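Spelled out, the chains give:
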Amino acid sequence: MVVLDCLGLICPVPLIKAKIEYNKLKRGESIMVITDHSCSSQNIKEYFEKLKCSIKIEEVLNGVWEITITKID
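In short, a report on the structure.

Analysis parameters
- Residues numbered from 1 in each chain as written.
- Predicted model: local features only at pLDDT ≥ 70, side-chain atom pairs only at ≥ 80, totals over all residues.
- Heavy atoms only, no water.
- Salt bridge = Lys/Arg side-chain N within 4 Å of Asp/Glu carboxyl O.
- Helix = DSSP H or I, 4+ residues; strand = E, 2+ residues; numbered from the N terminus.
- Buried < 20%, exposed > 50% of the residue type's maximum accessible area, 1.4 Å probe, protein only.
- Arc of directions from axis to C-beta.
- Contact = heavy atoms within 4.5 Å.
- Polar contact = N/O pair within 3.5 Å; in protein donor to acceptor, adjacent residues only side chain to side chain.

Remarks on the pattern of salt bridges
Here is step 1 of the chain: Taken as a whole and assessed by the stated rule, the structure comprises four salt bridges.
Here is step 2 of the chain: Its salt-bridge partner being Lys-24, residue Glu-21 comes within 3.2 Å of it at the nearest N-O pair. With a gap of three residues between them, Glu-21 and Lys-24 both fall in helix α1 (residues 13-24), about one helical turn apart.
Here is step 3 of the chain: The class of Glu-21 is buried, set by a relative accessible area of 17%.
Here is step 4 of the chain: Under the relative-accessibility criterion, Lys-24 is labelled exposed at 57%.
Here is step 5 of the chain: Across the salt bridge formed by Glu-58 and Lys-56, the nearest N and O atoms sit 4.0 Å from each other.

Spelled out as structure tokens, the structure:
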């Protein structure tokens, strides 16, 4: 799994990084984006919900999210 540490980065940087890494994935592979910017977690969720993938968002600390995106197709 590729882990993208996007702590301290504001929109749209985490989304752009996630898109680039997602395009490298093969079916069944995942990326995890770690962000501390609520706008980024929402934008990533909205973008990837439109694609054929699985997305899981977990707030692991107050104000820190781990977003796991798995390519299904």
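Topic: unusual backbone geometry
Here is step 1 of the chain: Here Cys-11 and Pro-12 are connected by a cis peptide whose omega angle stands at 0°.
Here is step 2 of the chain: Structurally, the position occupied by Pro-12 is in the loop between β1 (2-5) and α1.

Remarks on helix α2 (residues 38-48)
Here is step 1 of the chain: Residues of α2 that are buried include every one of Ser-40, Ser-41, Ile-44 and Phe-48, and no others. Axial view of α2: buried residues confined to an arc of 100°, hence all on one face.
Here is step 2 of the chain: Where the residues of α2 are buried, they touch α1, β2 (30-35), β3 (53-61) and β4 (64-71).

Comments concerning the environment of Glu-29
Here is step 1 of the chain: For Glu-29, the location among the structural elements is in the loop between α1 and β2.
Here is step 2 of the chain: Look at Glu-29 and you get partly exposed, because its relative accessible area is 35%.
Here is step 3 of the chain: In this structure the C-alpha to C-alpha distance between Glu-29 and Ile-55, which are 26 residues apart in sequence, comes to 12 Å.
Here is step 4 of the chain: The contact partners of Glu-29, leaving out residues within four places of it in the chain, are Lys-24, Ile-69, Thr-70 and Lys-71.
Here is step 5 of the chain: Within the structure, the side chain of Glu-29 is placed 2.7 Å from the backbone nitrogen of Lys-26, a separation counted as a polar contact.

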